[in-house]
Amino acid sequence: MPARILVAEDDVKQAQLIRIYLEREGHDVQLVADGRSAIDRARASRPDLIVLDVMMPDVDGLDVCRILRMDSRVPILLLTARSTEEDLLLGLDLGADDYMTKPYSPRELTARVRALLRRARAAEDERPALLTVGDLVIDTARFEVRAAGEPVPLTGKEFAILAVLAGEPGRAFTRAQIIDRVFGFDQNVLERTVDAHVMNLRRKLERGRDGIRYVETVYGRGYRLSTRPPGTPAPDGGTR
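Residues numbered from 1 in each chain as written. Predicted model: local features only at pLDDT ≥ 70, side-chain atom pairs only at ≥ 80, totals over all residues. Heavy atoms only, no water.

J.: Quick question: what am I supposed to make of helix 7 (residues 175-182) here?
T.: Because an α-helix packs 3.6 residues into every turn, residues spaced three or four apart end up facing the same way. Within the sequence span of helix 7, burial applies to I178, I179 and V182. Down the axis of helix 7, the sector holding all buried residues measures 100°, keeping them to one side. The elements touched by buried residues of helix 7 are helix 2 (35-45), helix 6 (156-167), strand 10 (173-174), helix 8 (191-206) and strand 12 (222-225). (Buried < 20%, exposed > 50% of the residue type's maximum accessible area, 1.4 Å probe, protein only. Helix = DSSP H or I, 4+ residues; strand = E, 2+ residues; numbered from the N terminus. Arc of directions from axis to C-beta. Contact = heavy atoms within 4.5 Å.)

Below, the structure written as structure tokens:
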């Protein structure tokens, strides 16, 4: 089945060769030549799979893998000229699904891509698309949120922040952790930007629901998604 594949490779000849072989398989292929572009394009276009070179300008492939893996399960195939066991294990530890060392066979690469796509689609069939915390339901497939049964329209960043918090209800995330997971490598994002998004998120979730607080502030730490039943007073200990 055709898939949307992002190829992040700064070697133009290698990138074009990969594109030719993957397009022969019927895939829609996008090319980028540096790590920052890989992060931005992956978040904007949500590809089905990423072929990711380790040695790239701006942001290397290992950092790209680490950043994307914080909020995405997209299969990642690493391409690396490093052949030591430590380098390969590091890539897998950061969340890569498979790796190939250079030089490699383009035919083997397409076979690896087919295998990763089959595995991802099988896992997707078994994975629930809904995150439910109390009366809050987050549909990550449809990009929809409901609070007490009522739809809540959110911006992309508000939805991403909520999804991060809902992934581990009750855990307090620092602003820096939220920036890393939602905004990635954008060094221009300030902590007060997170505060502004959380303020808008709260306003939308809690509109018409007096006394209910879904997103709690943990003083000296950051924010967490409440696991208490709606309407239950917050306990002492610096949350509201």
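From this point, the discussion proceeds with the structure in view.
J.: Just checking my understanding: could you explain the side chain of T80 for this structure?
T.: With respect to the helices, strands and loops of the structure, T80 is situated in strand 4 (residues 76-80). For T80, a relative accessible area of 5% translates into the label buried. With near-sequence residues (within four places) excluded, T80 lies in contact with V54, L88, M100, T101 and K102.

J.: Can you walk me through the pattern of salt bridges in this structure?
T.: Any two side chains of opposite charge can pair if their charged atoms end up close together. This structure, assessed with the given rule, holds 15 salt bridges. Of the charged contacts, one joins R112 and D98 as a salt bridge, the two residues approaching to 3.1 Å between their closest N and O atoms. Of the two residues, R112 sits in helix 5 (residues 106-126) while D98 sits in strand 5 (residues 98-101), which places them 14 residues apart along the sequence. Accessibility expressed as a relative area gives 24% for R112, which makes it partly exposed. Its salt-bridge partner being R171, residue E168 comes within 2.8 Å of it at the nearest N-O pair. One continuous salt-bridge network, built from bridges that share partners, spans E9, D53 and K102. (Salt bridge = Lys/Arg side-chain N within 4 Å of Asp/Glu carboxyl O.)

J.: Help me out: how do you make sense of the nonpolar core in this one?
T.: Across soluble globular proteins, nonpolar side chains show a tendency to be buried alongside one another. With 28 residues, the main nonpolar core has L136, V145, L162, I178, L205, V215 and L225 as its most contacted residues. Ranked by the residues each element gives to this core, the list is headed by helix 6, at six residues. Core analysis: the next-biggest nonpolar cluster, separate from the first, contains 20 residues, V32, L52, L68 and A96 among them. (Core = buried A, V, L, I, M, F, W, Y, C linked by side-chain atoms within 4.5 Å.)

J.: Help me understand helix 2 in this model?
T.: For helix 2, every residue scored as buried is listed here: G35, A38, I39 and A42. All buried residues of helix 2 project into a common sector of 100° when viewed along the axis, lining one side. Elements in contact with the buried residues of helix 2: strand 1 (4-8), strand 2 (28-32), strand 3 (49-53) and helix 3 (61-69). Phi turns positive one or two residues past the end of helix 2, at R46, with a value near 50°.

Function cannot be inferred from these measures alone, as they are strictly geometric.
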